[in-house]
Amino acid sequence: MVTTSASPRDGWSSRTAFVLAAIGSAVGLGNLWRFPAEAGQNGGGAFVLFYILCVALIGLPVLLSETLIGRHGQASAPESVRRMARESGASAHWDVLAGMGVLSAFMIVSFYCVVGGWVLYYVGVFINDIAQTGAGGGAFEGRPAEDIEALLPGLFGNGTLMAGLGLVFLAITLFFVMRGVSKGIEWVATWLMPAFFVLLIAITGYGFVTGEAEETIAYLFTFDFSKLTPQVMLAAVGQAFFSLSLGVAGMITYGAYAGREVNLGQTSAIIGGADTAVALIAGLCIFPIVFAAGLSVTAGPGLMFQSLPVAFQNMPFGSVIGFAFFMMVGFAALTSSVALLEVPTSWAMERFGVSRMVSALVVGTGAGVLGVLAALSFNDLAEVRPLAMIPIFANANIFDALDGVTAKIFMPLGAILTCVFVGWVADPALVDGENGIGGWLHQTWRALVRYVCPAVLAVIMGFGLFG
Ligand code: TRP
């Protein structure tokens, strides 16, 4: 039933492939859509500084912990945890930390693809605009800003279109997961991540030259500590975790395809550094354009889907830039949705002894059903409250419930258990054989994993549930 290490197992073809795929997993809607929205709603500089601190002190230690469990186990996430537990003489029930991750990755991918569908919609909108008005002028020539802002609510009101686009995004994701690790997942990462970086740098450069660069830098990098409230700190830790793909067994799953030649300490730093750099560059990309158009930075979720398209209106080549921007977001989202779908797919393959094809199809169908429900919770099912019996989720529709349960319960709990497992339960000899770090760095990492990370995460979780 369980693949043994003797049978040839699909895996990354090189260290670079692993790093690119893991960066592809981390860099996604979290960096491009959520980070600027959160930074804007939480006052800019103070949030940004605290975010960076969270990545360094909480994110990176957990990232290393997850990848090392995977690389040691060379199996699906729950089986990898069981192997390390067994070899450490601990209970195999520690696999619950990864089992929860499998469930949350499944829940997240279903609503993540819905947002991926919104991105597809905007790609279409800009292609249509280029076809109608040509490439030279601004986007949506002659149309009032209200019309452009109304595009998103218009999409939300159309359940069939929204569910359909979400399913298209899921189908593209499924295609690559079905092709396997080295031929599918690695392929998307190695082609789309470089393309993503080129587009990101080009659009940021363009926005910097034509937009409000100075105002942006002052906004993102002026640290006004009076703005650092507990709410802002909570938002920063939550955002750091989501952006680094932690707490849902994603990095255990990807680590399991890494070979012995990979230095996990070093690659964790590269992955975390790249993810943070992209989040900051996304801020430097979006805010100059938004400031130049005189729009508000506190638009939250509407920042990317409503304010930015309005801002493209006044830019030369606005419709081309808009098209390139949403293509770039789509690339980043796809490498993340592929990583999310891989978590339950690799588990089901192993658990039920079925082929990757069958496993991916069954898991993908389930995610599709859940995704359609999530898409319809903006319209036809807007009144459905699936968790009405739980006070903090009483007003949540299906989409919000999927997001809320994973973000407030599963992700922090999964990460706390990961830290306790790696820091206290697993045999230190096994752990140290994997982590690739030594000296003071090793001491610091161990102290963070044992004490700081679980404590901070427990506080976050408490606030999220009761605060
Ligand atoms: N990090 C991804 C992003 O920023 C989203 C995400 C959260 C994710 N958890 C994950 C991706 C687990 C892959 C695996 O968009």
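Nothing here was measured: the structure is a model prediction, and the numbers come from that model.

1. Some thoughts on the site of the ligand
Around the ligand, the structure places 14 residues, and the nearest of them are Ala26, Gly30, Tyr112, Phe242 and Ser245. One of the backbone nitrogen or oxygen atoms of Ser25 is found 3.5 Å away from a nitrogen atom of the ligand. One nitrogen or oxygen atom from the main chain of Phe242 is found 2.8 Å from a nitrogen atom belonging to the ligand. Relative to its unbound accessible area of 370 Å², the ligand is 100% covered by the protein chains. When each cavity is represented as a set of grid points, the ligand is found to reside in the largest cavity. When residues of the shell around the ligand are traced back to their parent elements, those giving at least two are α1 (15–26), α2 (29–41), α11 (230–243) and α15 (318–352). Tallied by class, the residues present in the shell around the ligand amount to 7 nonpolar, 7 polar and no charged.

2. Some remarks on the environment of Gly159
Checked against the element boundaries, Gly159 lands in helix α8 (residues 159–178). For the pair Gly159 and Leu381, spaced 222 residues apart in sequence, the C-alpha to C-alpha distance is 9.2 Å. Not counting the four nearest positions on each side in its chain, Gly159 is found in contact with Leu376 and Asn379.

3. What to know about the confidence of the model for the protein
Across the protein, the average pLDDT comes to 94, with 98% of residues at 70 or higher. Taken as a whole, residues 1–6 scores under 50 in pLDDT and shows 8 contacts with residues more than four places along the chain or in a different chain.

4. What about unusual backbone geometry?
Of note, Ala249 is a non-glycine position whose phi angle comes to about 65 degrees, a positive value. Taking the relative accessible area as the measure of exposure, Ala249 reaches 4% and is therefore buried. Even without a glycine there, the phi angle at Phe317 is positive, about 60 degrees. Residue placement: Phe317 occurs in the loop between α14 (302–312) and α15.

5. Here we look at the nonpolar core
Core analysis: the biggest nonpolar cluster contains 164 residues, and Trp12, Phe18, Trp118, Phe305, Phe312, Phe325 and Phe326 have the highest contact counts within it. Element by element, the count of residues in this core is highest for helix α5 (residues 96–133), at 20 residues. Setting aside its immediate chain neighbours within four residues, Phe325 contacts Ile203, Cys285, Ile286, Met304, Leu308 and Phe312.

6. What to know about the environment of Gly28
Mapped onto the secondary structure, Gly28 falls in the loop between α1 and α2. Judged by relative accessible area, which is 2%, Gly28 ranks as buried. A C-alpha to C-alpha distance of 24 Å links Gly28 and Asn263, two positions 235 residues apart in sequence. When near neighbours in sequence (up to four residues on either side) are disregarded, Gly28 contacts Tyr112, Ala332, Ala333 and Ser336.

7. Considering the layout of surface pockets
Roughly 1,100 Å³ of internal volume is contained in the largest pocket. Along its surface, the largest pocket is lined by 43 residues, and Arg34, Glu38, Asp403, Ala407 and Lys408 are the ones closest to its centre. Of all the secondary structure elements, the ones that give two or more residues to the lining of the largest pocket are α2, α5, α7 (151–157), α11, α14, α17 (398–425) and α19 (439–466). Across the lining of the largest pocket, the residue classes tally to 28 nonpolar, 10 polar and 5 charged. By volume, the second largest pocket is sized at about 290 Å³. Every residue lining the second largest pocket is counted, 13 residues in all, and those nearest its centre are Leu60, Leu64, Ile437, Leu441 and Trp445. For the lining of the second largest pocket, the leading source of residues is α19, giving 5 residues. Tallied by class, residues from the lining of the second largest pocket come to 10 nonpolar, 3 polar and no charged.

The rules behind these values
- Residues numbered from 1 in each chain as written.
- Predicted model: local features only at pLDDT ≥ 70, side-chain atom pairs only at ≥ 80, totals over all residues.
- Heavy atoms only, no water.
- Near = heavy atom within 4 Å.
- Polar contact = N/O pair within 3.5 Å; in protein donor to acceptor, adjacent residues only side chain to side chain.
- Areas by Shrake-Rupley, 256 points an atom, 1.4 Å probe, with all protein chains shown as cover.
- 1 Å grid on protein atoms, 1.4 Å probe; cavity = no way out; pocket = protein on both sides within 12 Å on 5 of 7 lines; lining within 4 Å.
- Sits in = over half its atoms within 2 Å of the grid points.
- Helix = DSSP H or I, 4+ residues; strand = E, 2+ residues; numbered from the N terminus.
- Nonpolar A, V, L, I, M, F, W, Y, C, P; charged D, E, K, R; others polar.
- Contact = heavy atoms within 4.5 Å.
- pLDDT = per-residue confidence, 0-100.
- Buried < 20%, exposed > 50% of the residue type's maximum accessible area, 1.4 Å probe, protein only.
- Core = buried A, V, L, I, M, F, W, Y, C linked by side-chain atoms within 4.5 Å.
- Points joined across faces, edges and corners; volume = space filled by probe spheres on them.

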